[in-house]
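Secondary and tertiary structure notes
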Amino acid sequence: MVATSHPKWHRAIADAIRDPHELTDLLGLPPTLALESQQAANAFPFLVPRTFVERIRPGKPDDPLLRQVLPRPEETACANGFDTDPLHERQALRAPGLLQKYPGRALLLTGACAMHCRYCFRRHATAPSLAATADWQPALDAIARDPSLREIILSGGDPLSLADESLAEMIARLAAIPHLRRLRIHTRLPVAIPERVTDGLIECLASSRLTPIVVVQVNHAHELTAACPDALRKLVRSGIPVLNQSVLLRGVNDSPSALIALCEGLADLGVLPYYLHQLDPVAGAAHFHVPVGEGKRLVAETRNHLPGYAVPRYVQETPGQAGKTALA
Ligand SMILES: *Cc1c(COP(=O)(O)O)cnc(C)c1O
Ligand code: SF4
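What comes next is a walk through the structure.

Conventions adopted
Residues numbered from 1 in each chain as written. Chains lettered and ligands numbered in written order. Predicted model: local features only at pLDDT ≥ 70, side-chain atom pairs only at ≥ 80, totals over all residues. Heavy atoms only, no water. Helix = DSSP H or I, 4+ residues; strand = E, 2+ residues; numbered from the N terminus. Buried < 20%, exposed > 50% of the residue type's maximum accessible area, 1.4 Å probe, protein only. Contact = heavy atoms within 4.5 Å. Areas by Shrake-Rupley, 256 points an atom, 1.4 Å probe, with all protein chains shown as cover. Lys, Arg positive; Asp, Glu negative; His and termini not counted. Charge placed at Lys NZ, Arg CZ, Asp CG, Glu CD. Core = buried A, V, L, I, M, F, W, Y, C linked by side-chain atoms within 4.5 Å. Near = heavy atom within 4 Å. Polar contact = N/O pair within 3.5 Å; in protein donor to acceptor, adjacent residues only side chain to side chain. Nonpolar A, V, L, I, M, F, W, Y, C, P; charged D, E, K, R; others polar. Pairing = 2+ DSSP bridges. Expected span 1.5 Å × (residues − 1).

Let us now look at the overall build of the protein. Counting secondary structure elements, the protein contains 14 helices and 10 strands. On the principal axes, the C-alpha backbone points of the protein span a range of 55 × 50 × 40 Å. For the protein, the residues scored as buried account for 53% of the 328 residues in total. A separation threshold of at least 6 residues defines the contact pool for the protein, and within that pool the share at least 24 residues apart is 81%. Summing over all exposed atoms, the protein offers an accessible surface of approximately 13,900 Å²; the carbon and sulfur share of this is 55%. For the protein, the distance from the average site of its 34 positive side-chain charges to the average site of its 33 negative ones is 5 Å.

Spelled out as C-alpha cells, the structure:
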C-alpha cells in the first residue's frame, strides 16, 4: 500500500518549488526577479515542479518556460477587458464541479494543478474543482439525468493529480452511466511531471468501457525534453489518442519558428496538435496577449511548413457560443 499511495510522481508534487527565490537561485538568475514577483505571487501562488524546472535554461530571464511560471509585476496591472471570470464559467455550472457550455459534452472539474501557469484563465478559481475527497454525487446525478451527454471531460485543476484509486473510482462511476461513450482527460501533468504516466494510469484509462482521449498542454518545444517525450510516447503507444492544446502566448510561442518547432516536436511523438487557443482575457495575463491578426499570420506561416495534421486549429472561446470559434 505504501508503494501505491506514495508513488514517485506524488513526491514530485509535494516537492515542487513554491519560493521564487529558490527558483532564481537554481537557475542563476538575478534575485531581483524573485523580489519583483512577490506581489503577483500573493494573488496567484507560485508553483512549479522540479521536473519542469529541469527544462528551463539557466541564466536566461527570457526563457519561454520560465515566462510561463515565474510571477511578474505586470500581473498586478489592470488591463481593459481583462477580468476574473473571462469565460462566464459561473453561469455554466450545472452542479458543483460540473460545467456545461457545449452540446453533448460537459467538463468535470477535478483535482489540483501540479504547476501554476501564469496565463491560466482559471487563476481566480471562478469555478472551484472537486478535490479527491469531495462529494461527486450531485455532479454524477446531473450527468445521469441528461441523456444528451455523450462525453465527459475531466479537466482542471488537473484530474491526473488524483491518485490512481480515486481516478479509477471516478471513471467507474462515469462508465456506469449508460449514455456516456467517451472520456476525455485534459491534463498538463504528463508535461509538468512526466513520471505521472505510469503503467497503472494507462491500465486505468485503457480498461474502461468509455473510449479514452488524452489532451495534454504543451506551449513550447523545450517542454518536450528530459523525461517528457518518453512519457508522451508511452501514452501514444498504449493506443490512447493523444492531442495537444496550446495557448498563443507573447514571449513563449509567438514566432513562426517557435510554433513550427512545437508542432513538429509534437507530431514526431505522435501527439496531434488540436487547438491553439487565443488567450482568454483573464486579469493578470494581459502581458501574454497576442492580437488575433498576428495570430492568423502566424498560423498561416505554420501551414506553409507543416503537414495539415500538424497544424492546430486556431480558436477563441466566446461566452455564449455553442463551441469554440475558429479564427483561422
Ligand atoms: C473547450 C471546452 C470544451 C471542449 O470543447 P471541444 O471543442 O470539444 O474540445 C467543453 N466544455 C467547455 C466548457 C469548454 O470550455
Ligand atoms: S495546469 Fe492548467 S488549470 Fe492548472 S494553472 Fe496550468 S493551465 Fe491552469
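The residue L47 is located in the loop between α5 (38-43) and α6 (50-53) in this model. For L47 and P71, which are 24 residues apart along the polypeptide, the C-alpha to C-alpha distance reads 9.6 Å. Excluding residues within four positions of it along the chain, L47 makes contact with A16, I17, R18, C113, A114, M115 and H116.

What follows deals with the nonpolar core. Membership of the largest hydrophobic core comes to 90 residues, with the highest contact counts inside it found for L23, L108, I143, I152, L154 and L174. Judged by nonpolar contacts, the second largest core, of 6 residues, contains I213, L243, Y274 and Y275.

Here we take up unusual backbone geometry. Residues G156 and G157 are joined by a peptide bond in cis, for which omega reads -25°. Relative to the helices and strands, G157 resides in the loop between β4 (151-155) and α9 (164-175). The residue H88 is not glycine, and still its phi comes out positive at about 55°. Relative to the elements of secondary structure, H88 occurs in the loop between α7 (64-69) and β1 (93-95). The backbone phi angle of A226 is positive, close to 50°, even though this residue is not glycine. Structurally, the position occupied by A226 is in the loop between β6 (211-217) and α12 (228-237). Note on A226: relative accessible area 48%, which makes it partly exposed.

Attention now moves to the site of ligand 1. As a matter of local geometry, ligand 1 sits amid K101, Y102, R105, L107, I153, R184, Y274, Y275, E317 and K324. Taking R105, its side chain carries an N or O atom lying 2.6 Å from an oxygen atom of ligand 1. Interatomic distance of 2.7 Å between a side-chain N/O atom of Y274 and an oxygen atom of ligand 1. About the coverage of ligand 1: the protein hides 92% of its 390 Å² of free accessible area. Those elements giving two or more residues to the shell around ligand 1 turn out to be β2 (98-102), β3 (105-109) and β8 (272-277). In terms of residue class, the shell around ligand 1 is built from 5 nonpolar, no polar and 5 charged.

This next bit is on the pairing of β2. For β2, a buried count of 4 out of 5 residues is recorded, marking the element as mostly surrounded by other parts of the structure. Where β1 meets β2, 2 bridges bridge the pair, whose relative direction is antiparallel. In the sheet register, A95 faces β2, and the bridge partner there is L98. Here β1 folds back onto β2 in antiparallel fashion, the turn holding 2 residues, of which G97 has a positive phi close to 85°. Where β2 meets β3, 3 bridges bridge the pair, whose relative direction is antiparallel. Within β3, the position partnered with L98 by the bridge is L108. The antiparallel pairing of β2 with β3 creates a hairpin that spans 2 residues between the two strands, and G104 there sits at a positive phi of about 85°.

With respect to the element layout, Q217 can be found in strand β6. A relative accessible area of 17% places Q217 in the buried class. At 3.0 Å, the side chain of Q217 and the side chain of N219 are in polar contact. Excluding its chain neighbours within four sequence positions, the residues that come into contact with Q217 are Y119, T187, R188, V191, E223, N244, Q245 and V247.

Quick look at the site of ligand 2 now. Taken together, C113, M115, C117, C120, G157, R188 and Q217 are the residues near ligand 2. Grouping the amino acids of the shell around ligand 2 by side-chain chemistry returns 4 nonpolar, 2 polar and 1 charged.

Before going further, it helps to spend a moment on helix α13 (residues 256-268). Between its first and last C-alpha atoms α13 spans 18 Å; for 13 residues at 1.5 Å apiece the expected length is 18 Å, and the two agree. Within α13, the full set of buried residues consists of A258, L259, I260, L262, C263, G265 and L266. As for α13, its buried residues are in contact with β7 (242-247), β8 and α14 (292-303). G270, located one to two residues past α13, shows a positive phi value of around 85°.

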